[in-house]
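A look at the structure
Each chain, written out:
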Amino acid sequence: MLSNAEIGIDLGTANILIYSKSKGIILNEPSVVAFNTETKEVVAVGAEAKLMVGKTPRNVIPVRPLKDGVIADYDMTAQMLKAFLKKASKTTGVSMRKPTVVVCTPSGSTSVERRAIDNAVKSYGAKHVHLIEEPIAAAIGADLPVDEPVANVIVDIGGGTSEVAIISFGGVVSCRSIRMGGDKMDDEIIQYVRKEYNILIGERTAENIKMEIGYALIDHKEETMEVRGRDMVTGLPKTIELRSTEIQHALRESLEQILETIRATLEDCPPELSGDIVDQGVILTGGGSLLKGMQAWLSDEIVVPVHMAPSPLESVAIGTGRSLKMIMKLQKAAK
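Summary of the structure given here.

Criteria and thresholds
Residues numbered from 1 in each chain as written. Predicted model: local features only at pLDDT ≥ 70, side-chain atom pairs only at ≥ 80, totals over all residues. Heavy atoms only, no water. Helix = DSSP H or I, 4+ residues; strand = E, 2+ residues; numbered from the N terminus. Contact = heavy atoms within 4.5 Å. Areas by Shrake-Rupley, 256 points an atom, 1.4 Å probe, with all protein chains shown as cover. Lys, Arg positive; Asp, Glu negative; His and termini not counted. Charge placed at Lys NZ, Arg CZ, Asp CG, Glu CD. Buried < 20%, exposed > 50% of the residue type's maximum accessible area, 1.4 Å probe, protein only. Pairing = 2+ DSSP bridges. Right-handed = clockwise from strand over helix to strand, strands pointing away. Axes fitted to C-alpha atoms, helices over the stretch in contact; angles between N-to-C directions. 1 Å grid on protein atoms, 1.4 Å probe; cavity = no way out; pocket = protein on both sides within 12 Å on 5 of 7 lines; lining within 4 Å. Points joined across faces, edges and corners; volume = space filled by probe spheres on them. Nonpolar A, V, L, I, M, F, W, Y, C, P; charged D, E, K, R; others polar. Expected span 1.5 Å × (residues − 1). Arc of directions from axis to C-beta. Core = buried A, V, L, I, M, F, W, Y, C linked by side-chain atoms within 4.5 Å.

1. With respect to the overall build of the chain
Scanning the chain from terminus to terminus reveals ten helices and 18 strands. The principal-axis extent of the C-alpha atoms belonging to the chain is close to 70 × 55 × 30 Å. Residue pairs at least 24 apart in sequence account for 62% of intrachain contacts in the chain once pairs closer than 6 positions are excluded. Accessible area of the chain: about 15900 Å², with a carbon and sulfur share of 50%. In the chain, the 38 positive side-chain charges and the 44 negative ones have mean positions that sit 9 Å from each other.

2. A short note on the pairing of strand β17 (residues 282-285)
A two-sided burial pattern is seen for β17, the buried positions comprising Val282 and Leu284 on one face and Ile283 and Thr285 on the other. Strand direction decides the pairing type here: strand β11 (residues 152-157) and β17, joined by four bridges, are parallel. Bridge pairing in β17 places Val153 opposite Val282. Relative to strand β18 (residues 306-308), β17 is paired through three bridges, and the arrangement is parallel. Its bridge partner lying in β18, Leu284 is registered against Met308. Remark: the β17/helix α9 (residues 294-302)/β18 crossover connection has right-handed handedness.

3. As for the sheet that holds strand β12 (residues 162-168)
An order of β13-β12-β11-β17-β18 is seen for the five strands of this open sheet, with the pairing classed as mixed. The open sheet has two edge strands, β13 (171-178) and β18, and neither has a second partner. The sheet shows a mean angle of 20 degrees between the axes of neighbouring strands, taken without regard to direction. As paired strands, β11 and β12 are joined by six bridges and run antiparallel to one another. Its bridge partner being in β12, Asp156 is matched across the sheet by Glu163. Across the sheet, helix α7 (residues 244-267) touches β11, β12 and β13, and the angle it forms with β13 is around 155 degrees.

4. Thoughts on the layout of surface pockets
Size it by volume and the largest pocket reaches roughly 880 Å³. Forming the walls of the largest pocket are 43 residues, and the residues nearest its centre are Ala14, Asn15, Glu207, Gly287 and Leu313. Take the lining of the largest pocket: its biggest share by element is five residues, from helix α6 (residues 203-213). Residue composition of the lining of the largest pocket, by class: 14 nonpolar, 16 polar and 13 charged.

5. A look at the environment of Ile189
Inspection of the secondary structure puts Ile189 in helix α5 (residues 182-197). Ile189 sits 113 residues away from Ile302 along the chain, and the two C-alpha atoms are 26 Å apart. Here Ile189 is in contact with Ile201, Ala206, Ile209, Lys210, Ile247 and Leu251, once residues within four sequence places are set aside.

6. A few points about α5
The terminal C-alpha atoms of α5 lie 22 Å apart, and with 16 residues this matches the ideal 22 Å at 1.5 Å per residue to within 8%. Every buried residue belonging to α5 is among Gly182, Met185, Asp186, Glu188, Ile189, Ile190, Tyr192 and Val193, and all of these are buried. Positive phi shows up at Asn198, right after α5, with a value of about 60 degrees.

7. Remarks on α9
Every buried residue of α9 is accounted for by Met294, Trp297, Leu298 and Ile302. Buried residues in α9, looked at end-on, bunch into an arc of 110 degrees, giving them a common side. Where α9 is buried, its residues touch β11, α7, β17 and β18. At the exit of α9 stands Val303, carrying a positive phi of roughly 50 degrees.

8. Brief notes about the pairing of strand β16 (residues 237-243)
In this structure, strand β15 (residues 224-231) lies alongside β16, joined through seven bridges in antiparallel fashion. Paired with Val227 across the strands is Ile240, a residue of β16. Once β15 ends, the chain turns through five residues before running back antiparallel as β16, passing Gly235 with a positive phi of about 80 degrees.

9. Looking at unusual backbone geometry
If you check the backbone angles, Lys40 has positive phi at about 60 degrees while not being a glycine. For Lys40, the location among the structural elements is in the loop between β4 (33-36) and β5 (42-45).

10. Observations regarding the nonpolar core
Ranked by internal contacts, the top residues of the largest apolar core, which has 44 residues, are Ile201, Ile209 and Leu255. Broken down by element, this core gets its largest block of residues, eight residues, from α7. Setting aside anything within four residues of it in sequence, one finds Ile201 in contact with Ile189, Ile190, Val193, Ala206, Ile209, Val227, Arg228 and Gly229. Counting 29 residues, the second-largest nonpolar core is a separate cluster that includes Phe35, Val45, Ile71 and Ala116.

Printed below as a string of structure tokens:
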């Protein structure tokens, strides 16, 4: 057992991943906590709590304490982190006694939001807490040469935020962040089904629809899916059939906003680095990048090569863990 573990945490709006230097990814669970409102006790965390969403009695509430990539409910986040770190320690044998922790934060987060993350991790008993910007962590995790003077463009589409950054020589040259990601897409599907069919569906159903028949704005062979929800007129359960072209239409606004952010970031790029982008292209990471046709659509729109990171869902966590070496180097250089 390591007496002073070095771990990286990707505090995502949708999922929390913990990376250990010795074992790789040791935990990957949804960032959901179910707690009892009467006893104020945490009933379940992670995958177990996610299964409860929309299916619990009145006194048990499943909450997502992270919103748009930052902490919305401080106490719940601290409790959730403690539960996850304890779970990771138990299942993998990695000791969590006074660990050195690197946590990623969205590039647009304020000092108050950063302090909340710092305090939440320290409340668990971490020895040192280092914060790293999410795009840099994603680039390191995607095996990009971030410390070389070449342009690395990373597009990280997460649950709460989408970030586009141009990284060169270990730092961010240009960066844009929008509070738009997988959650907003799920919400748009819920609103569309409600408006068009007078049917109310839950978050989990919307997420399944997005994963099954959701497409970026490309031509494709139409697919269909049966969806169950509650009829808003009769109040009774009802089954409808949705087409992939309808879902594509529902997601259009979100996708165009992400594209606009990528274009705006590339426009800010120094001319010397623009040449690199034509050669190297853009790297996609984050769960949102797994939407069908995303890579092909973006490639057509921005006319530069678009590549998928080796493991899009884990890039940020892997990069967070690996970045510790870089942080130590920088600190020694500063001394």
